Amino acid sequence: MIASRPVPVTESVPAPLPGRAAGRDEEDLATGFVAGDEACLAVVHERWSALVHCVARRSLGDAREAEDVTQQVFIAAWRGRAGYSPGRGTLAGWLIGITRRKVADALSARSRRAALVDAAGAALAVRTPESPSLDGVLDQVLVEHELARLPPPQRKVLRLAFYDDLTQPQIAVVTGWPLGTVKSHARRGLLRLRHAFERDADTGAAHQR
């Protein structure tokens, strides 16, 4: 007989599944899941998260994105559990249907990000400096100086807007920030720039007196 070795304290031991829910058949489990039984949710996740992750990984080719999609699938399933009808198919099949929709969303978002990054890069590549006047050079230096004094998020948003000609929704996609956050950084950054320019203008006028 082989003696069982003790489990080292450094190893992670998975939490046991809820007793009653763990032994349910799929039909009974689905009924409890739709009814909002969180113990059933734990078992549903335990039984089918690997399948969901496998489908997402195969479609996306990226483990991290597959993990994100897996999480989104079970969140969406739990929130939309009232829309599941056992008579229309198995719970596993319903989860795979959600997985396919979330994978499609992830691929679409990936394409949009790639297109925006390519467009921004192309715009920078073809942009050639004209022969600006001395005043134009001084204005550009002033803008650069004031931009450098802004907090990093505000500076990043305004640089993408000024130099990459990106709209606020495009900046949100490129940075991964919510659109409301982008708008807030843009508004605050522009306000600080305006105050800085007004301060410089007042200073210049005072020097001319």
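We now turn to the structure provided with this report.

Cut-offs applied
Residues numbered from 1 in each chain as written. Predicted model: local features only at pLDDT ≥ 70, side-chain atom pairs only at ≥ 80, totals over all residues. Heavy atoms only, no water. Helix = DSSP H or I, 4+ residues; strand = E, 2+ residues; numbered from the N terminus. Buried < 20%, exposed > 50% of the residue type's maximum accessible area, 1.4 Å probe, protein only. Contact = heavy atoms within 4.5 Å. Areas by Shrake-Rupley, 256 points an atom, 1.4 Å probe, with all protein chains shown as cover. Core = buried A, V, L, I, M, F, W, Y, C linked by side-chain atoms within 4.5 Å. Phe/Tyr/Trp six-rings, centres within 6.5 Å; stacked < 30°, edge-to-face > 60°. Axes fitted to C-alpha atoms, helices over the stretch in contact; angles between N-to-C directions. Parallel < 35°, antiparallel > 145°, perpendicular 65-115°, else oblique. Left-handed = near helix turned anticlockwise from the far one by under 90°.

**Describing the overall build of the protein chain**
Here is step 1 of the chain: When helices and strands are tallied, the protein chain shows nine helices and zero strands.
Here is step 2 of the chain: Taking all 209 residues of the protein chain together, 26% fall into the buried category.
Here is step 3 of the chain: Considering only intrachain contacts with a sequence separation of at least 6, the fraction spanning at least 24 residues in the protein chain is 56%.
Here is step 4 of the chain: A total accessible area of about 14000 Å² is found for the protein chain, and carbon and sulfur atoms account for 55% of it.

**Focus on the nonpolar core**
Here is step 1 of the chain: In this structure, Phe33, Val44, Trp48, Val69, Leu91, Trp94 and Leu95 are the most contacted members of the largest nonpolar core, which totals 24 residues.
Here is step 2 of the chain: Secondary-structure elements contributing two or more residues to this core are helix 2 (26-34), helix 3 (38-60), helix 4 (63-79) and helix 5 (91-126).
Here is step 3 of the chain: For Val69, the residues in contact, after removing those within four places along its chain, are Ala56, Leu60, Thr99, Lys102, Val103 and Ala106.
Here is step 4 of the chain: If you look at the next biggest cluster of nonpolar residues, it comprises seven residues, including Leu166, Ile171, Ala172 and Val182.

**Focus: the packing of aromatic side chains**
Here is step 1 of the chain: Under the counting rule described, the total for this entry stands at three aromatic pairs.
Here is step 2 of the chain: Ring plane angle 65 degrees and centroid distance 5.5 Å describe the contact between Phe33 and Trp78, whose orientation is recorded as edge-to-face. One end of the pair, Phe33, is in helix 2; the other, Trp78, is in helix 4, with 45 residues separating them in the sequence.
Here is step 3 of the chain: By relative accessible area, Phe33 is classed as buried at 1%.

**Side note on the packing of helix 3 against helix 4**
Here is step 1 of the chain: It is the contact of helix 3 with helix 4, at a shortest axis distance of 8 Å, that shows an interaxial angle of 140 degrees. The angle between helix 3 and helix 4 places the two elements in the oblique class. Along this stretch, helix 3 crosses helix 4, giving a crossing that reads as right-handed. Taken together, the residues of helix 4 that come into contact with helix 3 (itself represented by Glu38, Leu41, Val44, His45, Trp48, Ser49, Val52, His53, Ala56, Arg57 and Leu60) are Ala63, Glu65, Ala66, Glu67, Val69, Thr70, Val73, Phe74 and Trp78.

**Thoughts on the environment of Glu65**
Here is step 1 of the chain: Topologically, Glu65 is positioned in helix 4.
Here is step 2 of the chain: Glu65 sits 38 residues away from Val103 along the chain, and the two C-alpha atoms are 9.0 Å apart.

Bear in mind that shape data such as this cannot, by itself, settle questions of function.
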